[in-house]
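Working through the structure, step by step
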Amino acid sequence: MTATTPTAGGHWIGLDPGRSKCGLVRTDISGQQVQDLLVCTPQESWDWLQHWCHSCSVKGLVLGDGTGSAPWQQAIGDALPELTVVLQPEAGSTLAARGRYWQLFPPRNLWKLLPEGLRLPPRPLDDLAALVLLEAHLGHRLGLA
C-alpha cells in the first residue's frame, strides 16, 4: 500500500470495513465536502468502490486498519492496483463517530437535556466511523454537502 499526502485534486474515499456492514464515505473533488455517506454490506461497498474508481478521479482510499482490513487490502491490490490505499488506525473511531454524529445532527427536544455520553444515536454509525478515519488522515473536518 502506498503512502500519500492529502491534497486536493480528486475524490477521497474512507472505508470502515466490517463483516456484516461497512461504512463508506466519498468526498467531493475538492476533498472538502462529503458527497456520499453510506452504510452497506461488504459486497455493496466493494461495488461502490469499483464504480467510483472507474467513473471518477479518486485520489486515494483511507482504510481502517482493524482485523477486517486484510481481505480488503488483498482484494484492492488484486482488482484495483492503481488505487492508493492508506491504512488509518481504527482505535477509538466508534466513540469518535458517536460524537461526530451529534455534531452533524444536534439533538433536539428532550435529547438536548441528556449528557452526550448517555445519548445513543438512532442509527448505525459505520459511515461516520469511516468519516472520522478519513478526516483524521486529511487533517480537517469535512462539511456535509
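Residues numbered from 1 in each chain as written. Predicted model: local features only at pLDDT ≥ 70, side-chain atom pairs only at ≥ 80, totals over all residues. Heavy atoms only, no water.

Observations concerning helix α4 (residues 126–138)
We count it as follows: Strands here mean DSSP runs of E at least two residues long; helices mean DSSP runs of H or I at least four residues long; both are numbered from the N terminus. A helix is expected to span 1.5 Å multiplied by its residue count minus one. Only protein chains enter the accessibility calculation, which uses a 1.4 Å probe; a residue whose area is less than 20% of its type maximum is buried, one above 50% is exposed, and one in between is partly exposed.
The terminal C-alpha atoms of α4, which comprises 13 residues, lie 18 Å apart, in line with the 18 Å expected from a rise of 1.5 Å per residue. Of all 13 residues that make up α4, 12 are buried, and the element is covered over most of its length. Where α4 is concerned, the buried positions are Asp126, Asp127, Leu128, Ala129, Ala130, Leu131, Val132, Leu133, Leu134, Glu135, His137 and Leu138. Positive phi shows up at Gly139, right after α4, with a value of about 80 degrees.

Concerning the sheet that holds strand β5 (residues 85–88)
Quick reminder of the rule: Should DSSP find at least two bridges between two strands, the strands are regarded as paired. In what follows, residue pairs with any heavy atoms lying within 4.5 Å of each other are defined as contacts. Convention adopted: a line fitted to C-alpha atoms gives each axis, helices being fitted over their contacting stretch, and angles between N-to-C directions are expressed from 0 to 180 degrees.
Read across the open sheet, the six strands follow the order β5-β4-β1-β2-β3-β6; overall the sheet is mixed. The outermost strands of the open sheet, each flanked by one partner alone, are β5 and β6 (143–144). With six bridges connecting them, strand β2 (residues 22–27) and strand β3 (residues 33–40) associate as antiparallel partners. The residue of β3 that forms the bridge with Cys22 is Cys40. Sheet strands touched by helix α1 (residues 42–55): β1 (11–16), β2, β3 and β4 (58–64). Its angle to β3, the strand with the most contacts, is close to 150 degrees. α4 contacts β1, β2, β3, β4 and β5 of the sheet and is inclined by roughly 130 degrees relative to β1.

Examining the nonpolar core
Heads up, the rule is: Nonpolar cores are built from buried Ala, Val, Leu, Ile, Met, Phe, Trp, Tyr and Cys residues. Side-chain atoms within 4.5 Å join them into one set.
In this structure, Val25, Leu128, Leu131, Leu134 and Leu142 are the most contacted members of the largest nonpolar core, which totals 17 residues. Listing elements by their share of this core, those giving two or more residues are α3 (93–104) and α4. Of all the elements, α4 adds the most residues to this core, at seven residues. The residues contacting Leu142, other than those within four sequence positions of it, are Thr27, Gly31, Gln32, Gln33, Val34, Arg100, Leu131, Leu134 and Glu135. The next biggest cluster of nonpolar side chains, apart from the first, holds 16 residues, and it includes Ile13, Trp46, Leu49 and Leu61.

Observations concerning the state of the cysteines
As a reminder of what qualifies: We call a pair of cysteine sulfur atoms a disulfide when they lie within 2.5 Å.
All chains considered together, the criterion is met by zero disulfides. A disulfide-free cysteine, Cys40 has its sulfur positioned 6.6 Å from the sulfur of Cys22, the nearest such atom.

Details of a nonpolar patch on the surface
As a reminder, the rule being used: Residues form patches when they are more than 30% accessible in relative terms and have no salt bridge. Like charges link within 9 Å. Nonpolar side chains (Val, Leu, Ile, Met, Phe, Trp, Tyr) link within 5 Å. Accessible surface area values rest on a Shrake-Rupley calculation with a 1.4 Å probe, where residue burial reflects the displayed protein chains alone. What counts as a salt bridge is simple: a side-chain nitrogen of Lys or Arg found within 4 Å of a carboxyl oxygen of Asp or Glu.
Together, Trp111, Leu114 and Leu118 make up a nonpolar patch on the protein surface, roughly 310 Å² of accessible area in all. Locating Leu114 in the fold gives a position in the loop between α3 and α4.

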